[in-house]
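The chain contents come next:
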Amino acid sequence: MTKEYKTITEISGPLMFLEKTEPVGYGELVHINLPDGTTKRGQVLDTSADVVAVQVFEGTGGLNEESGVVFSGETIKLPVSKDMLGRILSGSGEPLDGGPRIVPEDRVDVNGASMNPYSRMPPEDFIQTGISTIDGTNTLVRGQKLPIFSGSGLPHNEIALQIARQAKVPGSEEPFAVVFAAMGITNEEAQYFMEDFEKTGALERAVVFLNLADDPAVERIITPRMALTAAEYLAYEHDMHVLVILTDITNYCEALRQMGAAREEVPGRRGYPGYMYTDLASLYERAGVIKGRKGSVTQFSILTMPGDDITHPIPDLSGYITEGQIVVSRELHMKGIYPPINVLPSLSRLMNSGIGDGKTRDDHKAVSDQMYAGYAEGRDLRGLVAIVGKEALSDRDQKILEFADLFEDRFVRQGRDEDRSIEDTLQVGWDILSELPEALLTRIDNKYIDKYHPAHKSN
Amino acid sequence: MKGEIYRVAGPVVTIMGIKPKMYDVVHVGHEGLMGEVIRIEGDKATVQVYEDTSGIKPGEPVVNTGMSLSVELGPGLLESIYDGIQRPLKVLQEKMGDFIDRGVTANGLDRERVWEFKPTVSSGDSVTGGQTIGVVQETENVEHKIMMPPTVSGTVEEIKSGKFKVDETVCVLTDGTEVSMMQKWPVRMPRPVEKKFIPRKPLITGQRILDGLFPVAKGGTAAIPGPFGSGKTVTQQQLAKWSDTDIVVYIGCGERGNEMADVLNEFPELQDPKTGRPLMERTVLIANTSNMPVAAREASVYTGITIAEYYRDMGYDVSLMADSSSRWAEAMREISSRLEEMPGEEGYPAYLSARLSEFYERAGAVKSLAAEEGSITVIGAVSPPGGDFSEPVTQNTLRIVKVFWALDAKLAQRRHFPSIDWLTSYSLYTQGLSDWFAENVAPDWVPLRDHAMDLLQQESELQEIVQLVGSDALPEDQQLVLEICRMLREYFLQQNAFHPVDTYCPFDKQYKLLKAISKYSDMAQASLEAGIPMKDILSIESKDELAKVKFEENFDDALNVVMEKMDKEFAALGGN
């Protein structure tokens, strides 16, 4: 299997084509020896008896017809081990931190297999992120995939870091790990992440895969798969609860489009390949909980919406696969509110199975519904105020308008290091709701008002 | 015949050396991955493979089964959970663990399970294709009819009785043909029927807005769009639970794994309200999540409808839910682009519209070859990207289906359930079903309903004025319209799926409720004309009491009490 071919006939963009090979497997890993002694790696994209097409991860720069090509005879595998925790690896799994190579306990195909829906457990364990707008109104549960829909210039990285630092299951001491995959982010951003990981000690329980903006785009297609393979290994073989942060999905999709164009495929919407839905699903769907196994994989991907457009194919297709989304708002950011999460277009589809008595608190849903309704109405009223002035509003409407301001100022706004427990979050909720006349709290059952409303609560 | 692989590019594999027919199933590679021939060019053929093709090499062997993609039909389908190509997920889990590996085959029907076969023909009888030759009690309440394969007929030489496995011979014809309880049928070919009827009977769902305003006929087609958080799941479950069909086929096509897990967990726990038995006993689930192979997703809707047709042929009313047809269309788009076909609108293949209509056309009320009357009602969910209904899948679906239930997230946010928008929904069966309604509900049901629809339409126009000038500025008769519409919305259209009584509303009760609202409307109108002030008419107590009667266990009595009170109150006002 170690036969070296020197039959490259064409090199075009990230692809190279070879002739007259022995039969080569689809998806096989390829080693390329350049005339200057360096080596590159690639993957078989199309194989036939006559010609083999290979995508080269490190880019085709320096490649010529003299280069030797060796087919490894196997698909791309990631050496995995529990010792990966604390390590920084490249986008294709090579150590970047100067440490030794990973001594593998196992080698796993990075494409992963799809989980049998029959083996899945519906996710229902509450994860506390310490951020009120997530815990309170868009609750994350173990095994969920919940992306952040953001825009350029917004503090999504800070939010992701804060979540990575603070995420925990209250009252549980089960082992917890973070797998972080950077796809095409800048060196500066990567440093920012690394610095924070090191400063807070989070690196010890993290595995980091870095594909930076100047690394080849093709490698980006493998990076998230490496990360998810590591995550699945830690979750299902070592019983850990793994939080996977993938940033930035938009760069990943751009790489996908670039590859599609290089392969001269028929493009779909906005030039993205027609299989983008399935491709994204093969990443996002690798979150979940399996019946009878202790670990879990939870995904928190970051996606920057081009032009803040939520109907763009990337957020749109993502939204159809993920279980909701956290939307970061430019408007709130401009107002100086951190974290600028707009709860109205945000959604956690699995929220209801993760909250309530015995999980968070019995009044959670009612409080969340009431705040949501009040804030939605308050924002509508702001539009009206712009036309007719505040004085023209009824007393009731003025109260609602004030509530919307309070909601942004006290519930949404919090410190970058402020780790609110779910009790704190609900307390803030009750504090601002108590500014509304009780008659307006129509979504909250009287028994919760008696139990939790600051005016009734007997201390 | 053996051939070999020429080229592998993702799920699309080119083979050579054999001469398959279009849509033949072939096994490719040493692992024998299952695929289907979708294009033939000279001595080469293109195959879409239902499993992951990583590591497969040119030169590996290919075996043609000579059969097109088929499902196994026979006792044991009910209570099953299948993937898109009828592999039982439970068996896959036993064979390869929690992750779906490849190259594993699993029979759609359990070969070991034994069924009690009772013949209904005797030797010497002549039998034709599709005729019933015996019965098997498949689950407690479903009698499974064993039918001749549609293409086989002859004279019975020997018929057995007793316990058999599905592939054992139960009947021998004089020409030597052996018939077992199991038959195979190619999924892409509709099963033949004697005759198709125009659907004339409504599918009774017990949901007031569906039965009352936008009925679907048994054998009809309906589409539901599923925007985020609009309560699609609850609506589908209510349909599965309450609609008066005998068999439910649910296809989860390209949806989320965690949501599918929810369905797989919840369905077995649902109880069939009519029999008290688990609903699964008359249900077949097909689950193909978005990360399972795309070709199998494409096949899943065909697998589902073929199973539905099989039960229809026994004379059952079947409802089939496809969730979501948009994902299915996307699978077609993906395969089409891999074949480098010329794309149509938004990259979808030019045959999208034809495939969608072929699929929905397999719904219908029929007389089967066994002379039984059965039906398939297809309810397809569509998920328009960005909520944009002008996209090709939604548009092509709406051109075919006869009923549109417009689930609306805004209504859901206002806590109006079921959140079906009465202004944008429609049903083209209202006319065709009016005879049935007149005969079986009440002669004046249709005019009553049309009047209600008319009022609701007026309300939406009036609301626009109200938003500008306030409701006090309206003339009194229009204020009355607004009040009647509020009653229609809150008393009639809103229905609580979780309330033990309100969750199902029989037609008789729907009629009486609507009639009661109409009666108030008439009396209020008369009083208004007699000069009674509006506020007196609005403050009638019995009107508000009417809101609660739908929750009463003893509906008729409760309604009578309220209506008698209403008569008295109006009489006290004078004018009536």
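Keep in mind it's a predicted model, so treat the numbers as computed, not measured. (Residues numbered from 1 in each chain as written. Chains lettered and ligands numbered in written order. Predicted model: local features only at pLDDT ≥ 70, side-chain atom pairs only at ≥ 80, totals over all residues. Heavy atoms only, no water.)

**Some remarks on the interface of chain A and chain B**
Opposite the 58 residues of chain A that make contact, chain B presents 55 residues. Summing both sides of the interface, chain A and chain B together bury roughly 5,000 Å²; the carbon and sulfur share of this comes to 53%. For chain A, the biggest contributors to the area lost against chain B are Y26, Y118 and Y320 of chain A; these three give 16% of the whole. Applying the counting criterion to the chain A and chain B interface returns 3 salt bridges. Here D46 of chain A makes a salt bridge to R7 of chain B, at a shortest N to O gap of 2.5 Å. In this structure, the connection of chain A to chain B is made through 29 residue pairs in polar contact (both at pLDDT 80 or more). Of all the elements in the fold, those that place two or more residues in the side of chain A that touches chain B are β5 (39-48), β11 (114-115), β12 (120-121), α4 (219-237), α6 (276-284), β19 (288-290), α7 (313-321) and α10 (364-388) of chain A. The class makeup of the residues in the side of chain A that touches chain B is 24 nonpolar, 18 polar and 16 charged. Where β11 of chain A lies against strand β9 (residues 99-100) of chain B, 2 bridges are found, and the strand directions are antiparallel. Bridge assignment links S114 of chain A to a residue of β9 of chain B, and that residue is I100 of chain B. (Contact = heavy atoms within 4.5 Å. Buried area = accessible area lost by both parts, 1.4 Å probe. Salt bridge = Lys/Arg side-chain N within 4 Å of Asp/Glu carboxyl O. Polar contact = N/O pair within 3.5 Å; in protein donor to acceptor, adjacent residues only side chain to side chain. Helix = DSSP H or I, 4+ residues; strand = E, 2+ residues; numbered from the N terminus. Nonpolar A, V, L, I, M, F, W, Y, C, P; charged D, E, K, R; others polar. Pairing = 2+ DSSP bridges.)

**Points about the domain arrangement of chain A**
Residue and element names in this part refer to chain A. Taken domain by domain, chain A comprises domain 1 (4-75), domain 2 (78-351) and domain 3 (364-457). A straight line from the C-alpha centre of domain 2 to that of domain 3 covers 32 Å. Between domain 2 and domain 3, the contact holds 28 residues from the first and 23 residues from the second. Counting the surface domain 2 buries against domain 3, the share from its top three residues, S132, Y338 and L344, is 26%. (Domains from an automatic or database assignment.)

**Focus on the UniProt feature "domain: ATPase F1/V1/A1 complex alpha/beta subunit N-terminal" (unreviewed entry) in chain B**
UniProt feature "domain: ATPase F1/V1/A1 complex alpha/beta subunit N-terminal" (unreviewed entry): in the numbering of this structure it lies at residues 5-66 of chain B. Split by type, residues 5-66 of chain B is 0% helix and 58% strand. Its first and last C-alpha atoms lie 17 Å apart. (UniProt positions renumbered as here; feature names shortened; annotations may be inferred.)

**A look at the side chain of E569 of chain B**
Residues and elements named next belong to chain B. Relative to the helices and strands, E569 resides in helix α16 (residues 555-573). Although buried, E569 forms no salt bridge, and the nearest oppositely charged side chain, K565, lies 5.2 Å from it. Sequence-distant contacts of E569, that is, excluding residues within four places in its chain, are made with I540, E541 and S542. (Buried < 20%, exposed > 50% of the residue type's maximum accessible area, 1.4 Å probe, protein only. Lys, Arg positive; Asp, Glu negative; His and termini not counted.)

**Overview of the pairing of strand β6 (residues 61-68) of chain B**
The side chains of a regular strand alternate, first on one face of the sheet and then on the other. Residue and element names in this part refer to chain B. For strand β1 (residues 2-9) and β6, the ladder comprises 3 bridges, and the chain directions are antiparallel. Considered in β6, the bridge of K2 is made with V63. Judged from the 4 bridges that link them, strand β3 (residues 24-28) and β6 form a sheet pairing that is antiparallel. Along β6, the bridge assignment pairs H27 with V63.

**Some thoughts on the UniProt feature "domain: ATP synthase A/B type C-terminal" (unreviewed entry) in chain A**
Per the UniProt annotation, the sites labelled "domain: ATP synthase A/B type C-terminal" (unreviewed entry) are residues 354-453 of chain A. Taken end to end, residues 354-453 of chain A comprises 63% helix and 0% strand; its first and last C-alpha atoms sit 23 Å apart.

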